[in-house]
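# Geometric and topological summary
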Amino acid sequence: MSRLDEAIKKINKKFKCEIIGTREISSFNVKDYIPWPTPALYYLYHGNMPTQTLWEISGEFSSGKSSLCYGIVGNAQKQFKKNWDEEVAKLQAKEKLTNDEKTRLATILDSGPKKCVYLDAEHSSDPVWMKKNGVDVDNIIFIYPQAESAESLLQTTLDLIETCEVGLLVIDSLATMVSSQMYNNNDLEKKSYCGISKPLTEWTAKVLPMLSKCDCTVVC
């Protein structure tokens, strides 16, 4: 055994799982795609929107950021339903299922297609406009903050993603989220520092590996 093999064996033993090693192509979590709501974005990105990715949409006030998110949500709902129908049909068409396949079929039949979550921190969602942009508003999970801090809301998104039943999560918007430090500051003349930069940095570090593990996409 080479020194490299020995080191790999020792490290994997330390972490009690094989975090180092070669992988079969079939073992990779292959990314799916969500169709862009506009041909221009399809052209700019040379294809549709890759999943399991963290996206950030920025722009001027009233430049159409939320409307773009609505279009993405609407297309994602259709794509998730199509993927679910195809996987269910494929498994049910088999004459004999393995134990893993039986478990998988029972799981997806119970959970249904992947869900879309919309964190409306601005309280500006317009259901009529959402419908016009293709959103099935009866099958979307809304988060309407009342007096929750950015830390609490970001943790909530992690908890939902961790269920592996959320396929798309939209945060609209980061700019309106307030840190716990600011919420607890009753005096406007008293300075608070950093805003949500610290919790956002920690959240990003935690959410990125979860996107691949749970097959989820996040748009901020």
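The structure contained in this document is the topic of the report that follows. Every value quoted in this text rests on a predicted model; they were computed, and no experiment measured them.

## Regarding the pairing of strand S5 (residues 140-143)
As judged from the four bridges shared by strand S4 (residues 115-120) and S5, these two strands associate in the parallel manner. By the bridge assignment for S5, Leu 119 is matched with Ile 143. Running through helix H5 (residues 127-132), the crossover from S4 to the neighbouring parallel element S5 is right-handed.

## Let's talk about the packing of aromatic side chains
One pass over the structure, following the stated rule, counts six aromatic pairs. Relative to Trp 55, the ring of Tyr 45 lies with its centre 5.4 Å away and its plane at 75 degrees, an arrangement referred to as edge-to-face. Highlighted residues: Tyr 45 in the loop between helix H2 (39-44) and strand S2 (49-50) and Trp 55 in strand S3 (residues 54-55), separated in sequence by ten residues. Relative accessible area serves as the criterion here: at 16%, Trp 55 is assigned to the buried category.

## A look at the sheet that holds S4
On the basis of which strands lie adjacent, the open sheet formed by five strands has the order S3-S7-S6-S4-S5 and parallel pairing. Either end of the sheet is taken by a strand with one partner, and the two such strands are S3 and S5.

## Points about the pattern of salt bridges
Tallying each qualifying case throughout the model produces four salt bridges. Linking Glu 87 and Arg 104 is a salt bridge whose minimum nitrogen-to-oxygen distance equals 2.7 Å. One end of the pair, Glu 87, is in helix H3 (residues 65-92); the other, Arg 104, is in helix H4 (residues 99-111), with 17 residues separating them in the sequence. Residue classification places Glu 87 among the partly exposed positions, given a relative accessible area of 29%. Its salt-bridge partner being Glu 101, residue Lys 94 comes within 2.4 Å of it at the nearest N-O pair.

## Things to note about a nonpolar patch on the surface
Taken together, Ile 11, Phe 15, Ile 19 and Ile 20 make up a surface patch of nonpolar side chains, about 330 Å² in accessible area. Its place among the elements puts Ile 19 in the loop between helix H1 (3-15) and strand S1 (33-34).

Rules used throughout
- Residues numbered from 1 in each chain as written.
- Predicted model: local features only at pLDDT ≥ 70, side-chain atom pairs only at ≥ 80, totals over all residues.
- Heavy atoms only, no water.
- Pairing = 2+ DSSP bridges.
- Helix = DSSP H or I, 4+ residues; strand = E, 2+ residues; numbered from the N terminus.
- Right-handed = clockwise from strand over helix to strand, strands pointing away.
- Phe/Tyr/Trp six-rings, centres within 6.5 Å; stacked < 30°, edge-to-face > 60°.
- Buried < 20%, exposed > 50% of the residue type's maximum accessible area, 1.4 Å probe, protein only.
- Salt bridge = Lys/Arg side-chain N within 4 Å of Asp/Glu carboxyl O.
- Patch = residues over 30% accessible without salt bridge, like charges linked within 9 Å, V, L, I, M, F, W, Y side chains within 5 Å.
- Areas by Shrake-Rupley, 256 points an atom, 1.4 Å probe, with all protein chains shown as cover.

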